[in-house]
Structures are given as C-alpha cells and as structure tokens.
Amino acid sequence: MDALDLARWQFAITTVYHFLFVPITIGMSAIVAYFHIQWVRTHNPDYLRLTKFFGKLFTINFALGLVTGIVQEFQFGMNWSDYSRFVGDIFGAPLAFEALLAFFLESTFLGLWIFGWGKLPEKLHALTMLAVHIGTVLSAYFILAANSFMQNPVGYKYNPTTGRAEMTDFLAVLTNKVQLVTFPHVITSAYMVGGAMVMGVSVWLMRRSRPAADNSLYRRSARVGAIVTLIASLGVIFSGDLQGKIMTEVQPMKMAAAEALYETSDTCAPFSVFTIGTPDGTKEKFSIKVPCVLGFMATGSLDKPVEGINPLREQLIAKYGSDSSALVKDATYTPYIPVTYWSFRFMMGLGFVTMAAAAAVLWSTRKGGTPRGKWWSLVIFGAPLAPVFANSFGWIFTEMGRQPWLVNGLMTTATGVSPSVSSAEVWISMIVYTLLYAALAVVEIKLYTDYIKKGADPFEQPKSPDQMTDDTELQFAY
Amino acid sequence: MDLAVIWFLLIAVLWTGYFVLEGFDFGVGMLFPILGKGRDADDTEKRRRVLLNTIGPVWDGNEVWVLTAGGATFAAFPHWYATLFSGFYLPLLLILVALIVRNMGFDYRGKRDNAAWKANWDKAIIIGSFLPALLWGVALTNIVRGVPIDQNMEYTGNLVTLLNPIGLLGGLVFVALFLTHGAYFVALKTDGPIRADARALATKTGLVAAGLAVILLLVLGISKGSVWSWLTTAIAAVALLFSIWANTKSNEGQAFAGTAVTIGAAVATYFFLLYPNVMPSSTDDAFSLTIHNASSTDYTLKIMTIAALVFTPIVLAYQAWTYWVFRKRIRVEHLPAAQDPGHVPVGTR
C-alpha cells in the first residue's frame, strides 16, 4: 500500500472508532440530564440513583470519545496537509468554532458535573449536565457543517492566484442544504443510540432484579430509553428521507452507488433489499426488489427516473476530464460500489432492527411486565450495538460514496494527502493507533460491563454545599 | 494592525492559555512518583489520590486550549497548520499517544480499587505528562530556531533533525518549568505533609528551571533577539525568581502567579523571536512561512476575530468560575472510600 491508501485506512479506522463513542455521548448526556433534572424536580430517589448509575457509564464512555477526538483535530494537518492548505480558509473556521463554543463547554461542565456533588447547589448541578449535552450538540453542528462542505461545497470561490478555495459566505457554509438535513439525521440517530443503550442495560438489570424492589427502577429507565429510541428513529427516517432527495440533487453518483444502479431506471425505480451479483458487482444474479421505493427515496415522486452510474460517469468525464488523479478502482469517477451498496443497507437494516426492539420493550414492560424468555438476550445485547454500527455504516456510506472526491467536484482524495509524510511513517502511526485503540476498547468494555453488573447504588441523601464543613469528606473524588 | 498580525497574537494567547493551565496538570502528573511517594503503600495511594483530585475537575478543560490553538491555527494560518503538523509527524504522534494514555489514566485510575490497575494507570499518567511537556518544548524551540523547509512549504527534515542540543534544552526548560508550576499548584490546593513537600520541591526545581531557561533564552535571543523579546525574556526571568522568593515566604498564590507570568512571558518571547515569520526556513529565508504568506483571507480572519472576541471572555469566565467552585484545599482525610465495581453495596445482593 502506498502512503495515500495508508492515510485513507488510518483516517477510516480512527474516525469510525471515534464515532462509536460520539453518538453514545450525545444521546446519553441528554438522558442523564433528564434523570438529573427529574431528581431535582421530584426528589424521587429513583431518579437520583439512575442519574448516578447512567452518569457513571456515561463518563466511562466519554473518556474514549474525548481522547480519540484529539487525534481527529490533528489528523487533517498530519495526514492531509495539501487538503488543509486547499480548504483551510473555509474548513478551519468551523473546527475553530467547535473548539471554542463546544469543546470548552463540554469539558469544563463535565468536570463540574462529575465533581459537583456537595459543591454546587442542586439545581445548578443538574443544569451542568444539560450544558454538557448542549456542548455535544454544538460540536456535532460545526463538524457536520465542515463535512457538508466536502459533500457540497458552498459559500466559497476558487482563487487562482493562491491556488486554494476561499470562503465568501460563512453563513452559507453553516446553512449548507446538505448540513440542514445531515445535522438532524446525525443527532436523532445519536438519540437512538443513547436511548437503546439505556434500554438494553435497563432490561438486563430488570430481568436480574437484584434486589427485587429495583425492578421498578429499571423498568422506568428501560421505558425512557425505549421511548427516546422510538421517537428518535422516526426523526432518523424522516431526515434520512430528506437527505436522499438532497443527495440525488447534489451527488447523484452517490445515490446511484447506494443502489448499484448502473443504467438509468424507468419511473418507479425499485429498491433491492438484497442482491447477489458477480464479484465485480456489475451483474446481478439474484435480487429481492421492492417496487418504487428507490424512485421515491431519490426523487420524492413515483414518476421520475433515477440516473444510473454509467450515464453519470460519462457526464463527469465530460465535465472534469480524465485526470489521472481522479481515477479510482475502475478508472472512472465512481465510488467502490460493493461498499456503498452494502453499507447503505446495513445502515438502514440495523436502524429498523433497533426501532423494532424499542417497540418490543415498550410492549413487554407495559402494566408492570418484565420481559421474560431467552430471546430477550438478543435485544439486550443487540439493541445498544445495532444503532452504533448503523452510525458507522452510515458514515462509511457517505464518505465512500463521495469518492474519488475529497471535496465534491473540487479536489480528489489522491491530491489531498500530505506529500512530506512517508508511507513508513503512516504505517507506524496506523499500527500504533490500531493497537492502542484495540487495547483501550478491551479495558473500556470490561469496566463498562463490570459497572453494569454492579447496578445502581442504593439511595443516599446527597449533601448540599452548606452542609459541607472543612472536615467533611468529599462527596465525590477519584 | 492588520488581521493576520492580530491572529498571530491570538495564537500566542491560545498557547499561553494552554501552557499556563495544562502546564500545571503536566507538572502534577510528573510529580506522581515524587510527591506521591508516602511512608508506606497506604500513604502513597492516599497522596496520589490527593494529587489526582487537585486537577480532577479541571484538566480536561485545560486541554481544550490546545485543541483550540490547533483549530485556530488551521483556520487562521492553514499553511502553518499544514507544514507543522505534517512535518513534525512522529513527535506529534508521540504527543497524541501520550495525551491519550494520560487522559485515560486520569479518568479510569479511580474506577477500580486494585493495586495493579492503579499502578499501570500511574505509569500512563507519569509518562503521558512528561513526554508532551518535553516534546512541546522541543517542537516550539525548533520552530523558533528554524527548520528545513523547501520552496513548496514542505518540511524536509526528519525526527532526528529536531533532536538537536538547543531543541532538547527547550524541552528540558518546559519540563522544569511545568514541574515547578505543578508543585506550586499542589502547594496551593492541598494541605498537610504533601503541601510542605511540594513547597520544598518547588524551590529546587524552580532554581533548575531558572538556570536552564536563562541559557536557552540567551542562546535564542543572541541570534534573533529584538528589544521586545529581550523585554519579555527579562519579565520571564524576574517572574520566575519572584515565584521562588514568594514560595520561600510561604506565599503560594503569588508563587503560582509568578510561574504563570513566566510561562506567558516565555511564549511571548518565542512569538517575538518568530515575528514576522510563523515558521522560518533554515534552508533559505525566502522559503519561510510568514504571517502573511501563511494566513487565511481577511474575510475568514474577520469572522474568526469576532468569534474570538465574543466567546473567549465567556470561556474564561466559566473556567474561572470552575476554579472558584473547587477552591478548597484537599487533605488525605477528605478522601472518600475508593470506588470499585466489585464492591457491591450492602443490601443489593
């Protein structure tokens, strides 16, 4: 592999890994903030126990999201320096805004929340977790605005003197039409992840119910998790549908690649749920198709055709020429179809599975019921993981579907890589990151599951700051 | 003054914020084996927990300063960001790995009450605090000295290029300075034997830091110095000596403020030595990255300036408030029982 392939693999590994933790952080911070605010409002001991229990799981997860995020901030310059030079005038600003408005807020207020017991008045303390959540949402907004520029560059002009893209309208960058549909899609899918995580953990503890009185405690959190998941999944479907239409408009090749649609379809294009094709993906041998679904997803109507890969390829070659740096895999402006086709299906499939699991949990916990039966283990372990991986597949689809472009229509991936970084250096960093991340995953999962097994601590009336003297033990310390 | 120069100043402010704040938590991390060494295993564990809890609520917010410095450099000086980050590839990789294991150590150390678990995270905290302190010093000192950069703004040296005597001296100055700054912080935030030990140690490391820093700043200043850089060099030296004096007079707040000023003045010296370059080329002056050939457009800089003017004071206000909330000194007697997922509370089994 050359330095370019290695840099791409490294970016994929580190970014997909980072984004395992990000949606958990966004989703769970909202739910922990909800429990904490409910405790302050009602003083029902259940809410305090749930706040502390899920807050602990949240912080175990947050640590990994944080440390892997530092790598992201540096990686553009380290591995993609020509990209950084070319788009820095535009792309850098949302990143700087993200650090200034979001990272400071999240990090500072999480410190206040974790160590705030006995230090902050209770109302203020509950609000610190809400501030953390707002920080995570702002962070998502700015980084998605940066990514949306790569999918659909707006608010810039190319300056031939400096040889780079330069920003002309920051508001246009922040309100990119791709951004306006991507942000709700990512945020609602993060709520699905947070909800499903709380739901899965709670159902497991509910079935164990040790002590028996805690059954109602975990039923409460299981239902909160399931409701969040279910409502969020409606948002994911709705925003995803809008995204399909925008994608057809600005990146028609990506839409065609999602379906592996080689020739332009007739009206009412079918969506294939499952296809077996030849190894190169160009001929199909067996396929299950649902009529009209692709046509509606892509165009919002039943009587418009969907453009295929082959005619789009001709258009792109006519428009951009046969520049060798833009030639990827089969020497065309075409992404790698098996990846786009299957990642799109795994994303949607895992999302629907999660939605069904949430509905099942709501049904089986109604009227004080507890989910019994062996197959529930599948829901317990599958429901939290399915939306996390759906997120991964969504990102793999949207980034691989953009190839060979780094910035759609403006810069190819091959031209963005750092010229001064050797393949040996990228080998070193890729191996180091992979081994380190794998080791951290083992440690994290063990710690996470051990704290789940421990369950929520018994209720203890928290001390307020005015009950704390100079000799009182700290209410929380590492 | 044009916007690019203002951003040169603001980048200096961000690095100052980073080193003044993260500097003391690097110091506290490096002091684990020294101030965190007690009479016996139990005392050692308690001391380390006290050290960890002095920075527990704030280290994460401190570290965001470097992310902001990185993001702001990307936005305001894309070429500086691109040349520096791709050129110093392996040292930055080491810094990132060190920060990762250190941060995991801060977060995870107290989550199991197990000696081997804690010992491993202690190593991560100690090495993960030492390496970035050293390597930031090596990297920034080399930037000021000039590194090989070609006509395409690409770094042409390698890792060994950076490991020259002056670069390494710069690294040692950062380490000694952060050790002193961290020891003052511990003296300011704790009570009992650990406080006395921190004060005694800070005087020694402070003198070492002062000696090394004077040599470094003279060497750098003689080749490149201006009136301004000599002025800030003098401020750094006076503030450091003042902090040592204040420390011997048991005035911990003043001592800590002293090293904060020293760090700020040292960063200012580095930036005065750089001006009007951001990354001078040792290959040919004509290849240097300057404030103007490396910067973004005025439009981008204007938006960034407005954002910085509005949001930096807000960030400073809530970070300052955090320090106020956690202002009380910590003693070993304040430590609650250690947490462990294996300790199942009474009545739940």
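To keep things clear, this report deals only with the structure shown in the data block.

The rules behind these values
- Residues numbered from 1 in each chain as written.
- Chains lettered and ligands numbered in written order.
- Predicted model: local features only at pLDDT ≥ 70, side-chain atom pairs only at ≥ 80, totals over all residues.
- Heavy atoms only, no water.
- Helix = DSSP H or I, 4+ residues; strand = E, 2+ residues; numbered from the N terminus.
- Rg over C-alpha atoms; globule rule 2.2 N^0.38 Å.
- Buried < 20%, exposed > 50% of the residue type's maximum accessible area, 1.4 Å probe, protein only.
- Contact = heavy atoms within 4.5 Å.
- Areas by Shrake-Rupley, 256 points an atom, 1.4 Å probe, with all protein chains shown as cover.
- Lys, Arg positive; Asp, Glu negative; His and termini not counted.
- Charge placed at Lys NZ, Arg CZ, Asp CG, Glu CD.
- Buried area = accessible area lost by both parts, 1.4 Å probe.
- Salt bridge = Lys/Arg side-chain N within 4 Å of Asp/Glu carboxyl O.
- Disulfide = S-S within 2.5 Å.
- Expected span 1.5 Å × (residues − 1).
- Patch = residues over 30% accessible without salt bridge, like charges linked within 9 Å, V, L, I, M, F, W, Y side chains within 5 Å.

Before going further, it helps to spend a moment on the overall build of chain A. Helix and strand content of chain A: 13 helices and 6 strands. Taken against the 2.2 N^0.38 rule, which gives 23 Å for 478 residues, the C-alpha radius of gyration of chain A at 24 Å falls within 12% of a compact globule. The principal-axis extents of the C-alpha atoms in chain A amount to approximately 75 × 50 × 40 Å. The proportion of buried residues among the 478 residues of chain A is 60%. Within chain A, contacts between residues separated by at least 24 positions form 79% of all contacts whose residues are at least 6 apart in sequence. Summed over its atoms, the accessible surface of chain A is roughly 18,400 Å², and 67% of this surface lies on carbon and sulfur atoms. For chain A, the separation between the mean place of its 36 positive charges and that of its 34 negative charges on side chains is 11 Å.

On to the overall build of chain B. Along its length, chain B carries 13 helices and 2 strands. Radius of gyration (C-alpha) of chain B: 21 Å, near the 20 Å computed for a compact globule of 349 residues. Dimensions along the principal axes, computed over C-alpha positions, put chain B at roughly 70 × 45 × 40 Å. Relative to its full complement of 349 residues, chain B shows a buried share of 63%. Looking at chain B alone, contacts between residues at least 24 apart form 79% of all its contacts between residues at least 6 apart. Just so you have it, chain B exposes about 12,600 Å², and 69% of that area is on carbon and sulfur atoms. Once the 25 positive and 22 negative side-chain charges of chain B are each reduced to a mean point, those two points are 10 Å apart.

Another point: the interface of chain B and chain A. Across the contact, 84 residues belong to chain B and 86 residues belong to chain A. Together, B:Leu67, B:Phe74 and B:Tyr89 form the three largest contributors to the area buried by chain B at its contact with chain A, with a combined 10%. In this assembly, chain B and chain A are joined by 4 salt bridges. For A:Asp450, the salt bridge identified is with B:Arg112, shortest N-O distance 2.8 Å.

Next up on the list: the state of the cysteines. Residues and elements named next belong to chain A. Applying the stated criterion to the full structure yields 1 disulfide over all chains. Covalent S-S linkage joins Cys268 and Cys292, the inter-sulfur distance amounting to 1.6 Å. Between Cys268 and Cys292, the disulfide has an S-S torsion of 85 degrees and is therefore right-handed. Taken together, the positions of Cys268 in the loop between α8 (252-259) and β3 (271-277) and Cys292 in the loop between β4 (284-290) and α9 (293-299) put the pair 24 residues apart, joining distant regions of the chain. The class for Cys268 is partly exposed, based on a relative accessible area of 26%.

Turning our eyes to something else, we now look at the side chain of A:Thr59. Summarising the element assignment, A:Thr59 is placed in helix α2 (residues 45-79). The contacts of A:Thr59, once residues within four sequence positions are left out, are A:Leu110, A:Trp113, A:Ile114 and B:Lys111.

Relative to the 44 Å expected for 30 residues at 1.5 Å per residue, helix α4 (residues 122-151) of chain A spans 44 Å between its end C-alpha atoms, a close match to the ideal helical length. For α4(A), the tally of buried residues reaches 22 of 30 residues, placing the bulk of the element in the interior.

We now examine a nonpolar patch on the surface. Residues and elements named next belong to chain A. Among the surface-exposed residues, Val273, Phe274, Ile276, Phe286, Ile288, Val290 and Val293 lie close enough to one another that they form a single nonpolar patch of about 540 Å² accessible area. Every element with two or more residues in the nonpolar patch is listed here: β3 and β4. Structurally, Ile276 is set in strand β3.

Across the junction of A:Gln403 and A:Pro404, the peptide omega takes the value 5 degrees, indicating a cis bond. For A:Pro404, the location among the structural elements is in the loop between α12 (376-400) and β5 (405-407). In this structure, A:Lys367 takes a positive phi of about 50 degrees despite not being glycine. Examined against the element boundaries, A:Lys367 turns out to sit in the loop between α11 (337-364) and α12. Within the chain, B:Met153 stands out as a residue other than glycine whose phi angle is a positive 65 degrees.

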